[in-house]
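# Residue-level structure breakdown
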Amino acid sequence: MNRLRGVIVGAWVVLLSACVSVDTPPSQCPAGRQALPNCPPLEAVDDPQVNRWYDARTWRSADEWDEDPIEQGIRAEIPVQSARMKLLGSRPREALYSLAAKIHAVENARYSIDAAYYIFKDDLVGRALLGALCEAVQRGVDVRLLVDSMGSISLDRNLLRALYQCQLQAGFIRNTSGELSTRRARVQVVLFNPISQVFANLNRRSHDKLLVVDGFVPDQAIVITGGRNISLSYYGIAADGTPNHDTYLDAELLLRPDPASGSELNVAEVSEIYFTLLNSFKNNRHIQGRVPPGRRTGWPEMEADLKRSLKRLKSLPPIAESLAAMPEYLASGYHFGEVRLAHEFANLINKRVVSDAVANLRDNPNSIMYLLTAIEDTERKHIRLVSPYLFAARYFGPDGELLLDEAAEIRRWLAADEERTYEIITNSVLTSDNFLAQSVVDTDMAPRLLLDEDGVAAWQNRPAGVEASMELVESDDWQRLVDNPRLRIYETGRLDDRLLGGDTDYGKLHAKYMISDDVGFLGTANFDYRSRLFNNEMGFFFRSDALTRDFDTDFEHLREKSYLWGSREWLEMRRALIDRGGIKGRTTQYQPVLYRFLRATGLEWLF
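It should be emphasised that the depicted structure is a prediction, and the values quoted were computed from it without experimental measurement. (Residues numbered from 1 in each chain as written. Predicted model: local features only at pLDDT ≥ 70, side-chain atom pairs only at ≥ 80, totals over all residues. Heavy atoms only, no water.)

### As for the state of the cysteines
Applying the stated criterion across every chain, the model contains one disulfide. The disulfide partner of cysteine 134 is cysteine 166, and the gap between their sulfur atoms is 2.0 Å. The S-S bond linking cysteine 134 to cysteine 166 shows a torsion near -105°; that makes this disulfide left-handed. Taken as a pair, cysteine 134 in helix α4 (residues 124-138) and cysteine 166 in helix α6 (residues 163-167) lie far apart in primary sequence, 32 residues in all. (Disulfide = S-S within 2.5 Å. Helix = DSSP H or I, 4+ residues; strand = E, 2+ residues; numbered from the N terminus.)

### Quick word on the confidence of the model for the protein
Here the protein averages 90 in pLDDT, while 92% of its residues score no lower than 70. Every residue in residues 1-23 is under pLDDT 50, and counting partners more than four places away or in other chains gives 80 contacts. (pLDDT = per-residue confidence, 0-100. Contact = heavy atoms within 4.5 Å.)

### Some words on the environment of aspartate 142
Relative to the helices and strands, aspartate 142 is located in strand β3 (residues 142-148). A residue is classified by how much of its surface remains accessible, and aspartate 142, at 0% relative accessible area, is buried. Through-space distance from the C-alpha of aspartate 142 to that of serine 233 is 28 Å; in sequence the pair is 91 residues apart. Ignoring any residue separated from it by four or fewer positions in sequence, one finds aspartate 142 in contact with Trp53, Tyr54, Arg57, Tyr111, Ser112, Ile113, Ile173, Arg184, Ala185, Arg186 and Gln188. A polar atom in the side chain of aspartate 142 sits 2.9 Å from the side chain of arginine 57. (Buried < 20%, exposed > 50% of the residue type's maximum accessible area, 1.4 Å probe, protein only. Polar contact = N/O pair within 3.5 Å; in protein donor to acceptor, adjacent residues only side chain to side chain.)

### Quick notes on the pattern of salt bridges
If you walk through the whole model with that rule in mind, you get 40 salt bridges. Here arginine 144 and aspartate 114 are joined by a salt bridge, their closest N and O atoms 2.7 Å apart. Taken together, the residues arginine 144 in strand β3 and aspartate 114 in strand β2 (residues 112-117) connect sequence positions 30 residues apart. Per residue, the accessibility class of arginine 144 equals that of aspartate 114, and both read buried. The salt bridge involving arginine 228 is made with glutamate 252; its shortest N-O contact spans 2.9 Å. Of this pair, arginine 228 sits in the loop between β8 (222-226) and β9 (248-249) while glutamate 252 sits in strand β10 (residues 252-257), and the two are 24 residues apart along the sequence. As far as the burial class goes, arginine 228 and glutamate 252 line up, both buried. A cluster of three or more residues bridged by salt bridges with shared partners is formed by Arg57, Asp114, Asp142, Arg144, Arg186 and Glu272. (Salt bridge = Lys/Arg side-chain N within 4 Å of Asp/Glu carboxyl O.)

Structure, rendered in structure tokens:
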């Protein structure tokens, strides 16, 4: 089995010799072993490389490692790798293809599946994916699932435990020669940093959205990551298959190894190793499949329901049509380029995360934010950034001294070369699902980037609900500053939105990416303080001119759905929302009050 390799020993992973069985350990299976649970058929081979790979995938608590797995990830020398890649962008068809690609990849997995999601909902998509994982383990695919306990707080944990019912009928893993091995497929479900733990730090979350299928088999492997969680809300459909226009506009990268690459590790192998380290965070809890008393077989009705959900999802016309396109879609149409995984592991263990933010960043060379700072150098002319909750970070030291003002840094970068441009797309009060974060975007980030000092003070201290009539916004200086040709801030949503009496739906922006002249990034990070300081985030930097052009097309699509921050149309949209009332209207009206409250209490650091 020359491809299904064990995890490389070194800074990334420490292999421990241990194995997990369902009932009878393989070592105790007698010659007539088929009659006992967990005993492989007589023709099964004891494959050493499958054994090493199997052991590397076995969940262990952090104290069972020779060295803390998170520390290993922080210090790791993550390679730049050749890969095939494509963008699953913000258009409705791409959202459907994203869901179809996940289902198709899981249903066609041969060896392993690793899935990590911040939000995993109990809806048709969530149950269908669990149904697909159930069927996968039963045909001999090793399954690991990591769910954040806060992001998925509403998910019934029994739905996760029901996967262990599926494991009772688990098949045996095959090697790449197609032979059955003596290793039986498993389900391993882990909760990230359970909020029920006495000493849990509730602010340290896994914001990951990652699917890795057949990670250690290059010609089979698939990686999908970006902003989409496991919920109907991210794929543009309702439970009956009709369009859901109030959906999240998101983006993901679909990656596959470059078959011509001669590197020792492929992009999916690195992603699987990354999953192993995150899965072993010291506060995580391995969910066991507890069988109710008197019911030896667990939850057969739940297993059946999960499989019915999968069948129902696949029968919906838009999903059925998308699934039919998957064999060709997943086999062709890729752009070739280089990728490099980045993460925010240090956020899980950093101390003094606010006052030592700059120093903490320097100590984590694999940090997304650390690597993004290198992009704003003297050689690049254009930067485009998309984020639903975008803050211009400002950090102060213990004595109140200013350590970093990101808005000032961006202005200095622009001033150094008159050909440079910086474009941003973010949410507006109309499309945001987080009115507190939006108050920071509109009252702090945008004005600090666009306005002069007096303008910032006047805008931040304005009385509630008077912005459209302010002398400030009627001045020539305001119009000149907000219409800066080299620094553009767009916010999604327009006056013809259905909520305001129009006939158009603008959804909710949730995509997170950056593109520049020759390098880009897509991942899970929102570029707010929570993403910068508390959450673990992950994603990939990439270098591919063809892929960058696809991102440019997606950017233009989003820009067409937007107004410039501070423009007359933007102000009119806000006024229309205030006049309409409701939660969006009231939070728009009192946005400066909300922002001042967050600043005064220090709560802005939690958004």
